[in-house]
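Summary of structural features
Below are the chains, spelled out letter by letter.
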Amino acid sequence: MIHYIKNLKIRLKLYILIGVALLGMLIISGMSFFLMGRMNDMTSDIATSWLPSVDVAREMSATISNIRLNELEYLSAGSDNKKEISLQYLQDGNETMNTLLAAYGDMIDEEERNFYNNANNLWIQYQAAAEEMEFEKAASLRDKIRSIQSVAQKQKMANMGMENADVIAFVRAYEECLVQGFFIRDGKMTGRENFTLTAPEEQSRSEILTAFVKQFYSGTAYIPKEIILQEPLTEESALIGEYLSERRGAKVALTVPVKGEKRKLVELAHKNAMLIFEQFGEKLRREEKRTKGAMEEIRQALGLRGTLNRVEAYDISNTQGFESVGSMVVFEDGKAKNSDYRKFKIKTVIGANDYASMREVITRRLNHALREKAEGKTSSFTRLPDLILMDGGKTQVHAAEEVLMEFGMDIPVCGMVKDDRHRTRGLLFREEEKNIPLTSEGFKLVTRIQDEVHRFAITYHRKLRQERNLHSILDDIKGIGEVRRKALMRHFGSIEEIAKAEVGDLLEVEEMNIPSAEQVYAFFHREES
């Protein structure tokens, strides 16, 4: 408790000191500033703490609101002592925000003033609800405040003409580079991502940025309306712009702002990249080796040309031929992309037939991609893989290769083969097993992919089995009614054991006769005949 209070005091004092310092500097220079959030979350919060001058008070209001939210959540936990302490810091936060708003009064138009008043009134109601321990009402008010903040952020980006844009900046040290990207969609900062690169020292910054833009946007499914860059590209800029515009189906602007709010956003991306590079450079390099480096090792082991960015892996799972399902997992740049995972319930194959089931899965996946492309849609299915991995050997590989040939597509296919202990052993490629060093990052990545696609298939299969009443399978067999069904389950204990039973085993059940036993046996062994 004492430790929390001390941290609370330090944290609030830090916010207040930062607010006062920024207020003084703004009055003197009239410039924009960066408001830092908690020190232990600096990396994740820095992108949203950018302050254009017209929105300074609004952003400070949101920051103070975060203080209030934390203290209200803590206050709701219980004791009077905590309540008294938290309410005191809430009041301090209110006073700080009111001081800031009063100081910026001349800079804020009527619309801005209404925003602050509405947000502040909601916070006052929120605080009162929390004091009275009316937590459902407090939660409703909290959601309203977050909605206002979301609309405000979207309006801010829209006013700058940045409803859909990417912001790209980077830092370099010798041959090491780190690129920072901010992604704005529908007027909101929806995400950010960093990328590590290696470039010869003699390569210019423009060449590095050009190479990154070409590689990144040739692989991404979505092309924004505007790409805001830290500095100009090489002489290829016009061609790249035409290529991206063609992919988007509309004009794509490649801009390099020299002043204004867009330039400040580029500078923020650069500062963020610098901060990440300084703090996490070594960790990022290790992660790069584990992911992209592993993909490169796989590419070299297979002798593939070009880059290896997207890998799709497939597996089939069933029990005695029932509830057959297919799974597709996706790894991009060596990392699992869960949003692109897909499940397939086998529709055209009866019984345990991995070859036919795999043909169905690959056919449906490619048909979906072609259909969406024809309709002008863009999704995870429209982007085809650079490599297909099958959980299995020649049977599964041949099934995929035949389907690809029918579609006129040239995508390399490998089988992920296992040893006698059911552990990953290597890759089967073009009828030859490629052994990758067991200690290499490439081999470890293949193992992760194989384990993941198998896990995903098994999880889906088990779900379907749980959803279906297993006894109903017996209902599909001619001559098996409720009495015999119960007798069979009582004797064998599970559908799996019934499926394994011979006719003689089935006749051991008193309620069974020869015709009914033969019907059951034939039902579970129809694929063999």
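Please read these numbers as outputs of a predicted model, since none were measured by experiment. (Residues numbered from 1 in each chain as written. Predicted model: local features only at pLDDT ≥ 70, side-chain atom pairs only at ≥ 80, totals over all residues. Heavy atoms only, no water.)

The next thing to look at is the overall build of the protein. Along the backbone of the protein there are 18 helices and 15 strands. Looking at the protein alone, contacts between residues at least 24 apart form 61% of all its contacts between residues at least 6 apart. Approximately 27100 Å² of the protein is accessible, and the part contributed by carbon and sulfur atoms is 50%. (Helix = DSSP H or I, 4+ residues; strand = E, 2+ residues; numbered from the N terminus. Contact = heavy atoms within 4.5 Å. Areas by Shrake-Rupley, 256 points an atom, 1.4 Å probe, with all protein chains shown as cover.)

Looking now at the packing of helix α11 (residues 354-374) against helix α12 (residues 394-406). One way to put it is that α11 packs onto α12 with a least axis distance of 9 Å and a crossing angle of 35°. Remark: the crossing between α11 and α12 carries right-handed chirality. From α11, D354, Y355, M358, R359, I362, T363 and L366 reach across to α12, where they touch T395, Q396, H398, A399, A400, E402, V403, L404 and E406. Residues that form the contact of α11 with α12 fall into these classes: eight nonpolar, four polar and four charged. (Axes fitted to C-alpha atoms, helices over the stretch in contact; angles between N-to-C directions. Left-handed = near helix turned anticlockwise from the far one by under 90°. Nonpolar A, V, L, I, M, F, W, Y, C, P; charged D, E, K, R; others polar.)

A side chain of one charge can pair with a side chain of the opposite charge if their charged atoms are brought near each other. For the coordinates displayed, the defined rule picks out 27 salt bridges. Across the pair K337 and E332 runs a salt bridge, and its minimum N-O distance is 3.5 Å. The exposure class of E332 is buried, given its relative accessible area of 17%. (Salt bridge = Lys/Arg side-chain N within 4 Å of Asp/Glu carboxyl O. Buried < 20%, exposed > 50% of the residue type's maximum accessible area, 1.4 Å probe, protein only.)

Right, let's talk about unusual backbone geometry for a bit. For D333, which is not a glycine, the phi torsion comes out positive at approximately 55°. Looking at the element boundaries, D333 is found in the loop between β9 (322-332) and β10 (335-336). Residue classification places D333 among the partly exposed positions, given a relative accessible area of 27%. With a phi angle near 65°, E431 is a residue other than glycine that sits in the positive phi range. By secondary structure assignment, the location of E431 is in the loop between β14 (424-429) and β15 (432-434).

Under the definition given, this model contains seven aromatic pairs. When the centroid spacing of 4.9 Å and the interplanar angle of 85° are considered together, the rings of F216 and Y217 count as edge-to-face. A residue is classified by how much of its surface remains accessible, and Y217, at 1% relative accessible area, is buried. Ring centres of F523 and F524 lie 5.3 Å apart, and the angle between their planes is 90°; this geometry places the pair in the edge-to-face category. One aromatic cluster is present, formed by F183, F195, F212, F216 and Y217 through successive ring pairs. (Phe/Tyr/Trp six-rings, centres within 6.5 Å; stacked < 30°, edge-to-face > 60°.)

Turning our attention to helix α10 (residues 292-302). Taken as a whole, α10 has its buried residues at A294, M295, I298, R299 and L302. On an axial view of α10, the arc spanned by its buried residues comes to 145°, and they lie on one face. G303, located one to two residues past α10, shows a positive phi value of around 70°. (Arc of directions from axis to C-beta.)

The subject of this paragraph is the sheet that holds strand β7 (residues 253-255). Read from one edge of the open sheet, five strands run β5-β4-β3-β6-β7, paired in mixed fashion. The open sheet has two edge strands with one neighbour each: β5 (188-198) and β7. Across the sheet, the axes of successive neighbouring strands diverge by a mean angle of 20°, strand direction being ignored. Two strands pair when backbone bridges link them, and strand β6 (residues 226-229) and β7 are joined in this way by three bridges, in the parallel orientation. Paired with E226 across the strands is A253, a residue of β7. Across the sheet, helix α7 (residues 205-219) touches β3 (165-173), β4 (176-185), β5 and β6, and the angle it forms with β3 is around 135°. (Pairing = 2+ DSSP bridges.)

Checked against the element boundaries, S245 lands in helix α8 (residues 237-248). On the basis of relative accessibility, which here comes to 16%, the residue S245 falls in the buried class. The contacts of S245, once residues within four sequence positions are left out, are A250, K251 and V252.

Once that is clear, we can look at the pairing of β6. Side chains E226 and I228 project from β6 onto one buried face, and the interleaved I227 and L229 project onto a second face that is buried too. By the bridge criterion, four bridges tie β3 to β6 in an arrangement that is parallel. In the strand pairing of β6, V167 is matched with I228. Running through α8, the crossover from β6 to the neighbouring parallel element β7 is right-handed. (Right-handed = clockwise from strand over helix to strand, strands pointing away.)

It is worth spelling out the side chain of E332 at this point. With respect to the secondary-structure elements, E332 resides in strand β9. Within polar-contact distance, the side chain of E332 engages the side chain of R310 at 2.8 Å. Excluding residues that lie within four positions of it along the chain, E332 makes contacts with N309, R310, K337, D340 and R383. (Polar contact = N/O pair within 3.5 Å; in protein donor to acceptor, adjacent residues only side chain to side chain.)

With that out of the way, let us pick up the nonpolar core. Ranked by internal contacts, the top residues of the largest apolar core, which has 24 residues, are I298, L302, L387, L389, M416, L427 and I449. Elements with a contribution of two residues or more to this core: α10, β8 (310-319), β9, β12 (387-390), β13 (413-418), β14 and α13 (441-467). Here the element with the most residues in this core is α13; it accounts for six residues. Setting aside residues up to four positions removed in sequence, L302 forms contacts with L387, C414, L427, F429 and K434. (Core = buried A, V, L, I, M, F, W, Y, C linked by side-chain atoms within 4.5 Å.)

Structurally, E452 can be placed in helix α13. C-alpha of E452 to C-alpha of D315: the two residues are 137 residues apart in sequence and 9.9 Å apart in space. Ignoring any residue separated from it by four or fewer positions in sequence, one finds E452 in contact with V329, F331, N338 and Y341.

With that out of the way, let us pick up the pairing of β5. As defined by bridge partners, β4 adjoins β5 across 10 bridges and the pair is classed as antiparallel. Along β5, the bridge assignment pairs V179 with F195. Connecting β4 to the antiparallel partner β5 that follows it, the hairpin turn spans two residues, and D186 within it adopts a positive phi of roughly 55°.

Before going further, it helps to spend a moment on the packing of α7 against α8. Two elements in contact, α7 and α8, have axes separated by 11 Å at closest approach and are oriented at 15°. As the angle between them shows, α7 and α8 are arranged roughly parallel. Considering only the axes of α7 and α8, their crossing is left-handed. On α8, the residues touching T210, V213, K214, Y217, S218 and G219 of α7 are I240, Y243, L244 and R247. Its residues placed into classes, the contact of α7 with α8 shows five nonpolar, three polar and two charged. (Parallel < 35°, antiparallel > 145°, perpendicular 65-115°, else oblique.)

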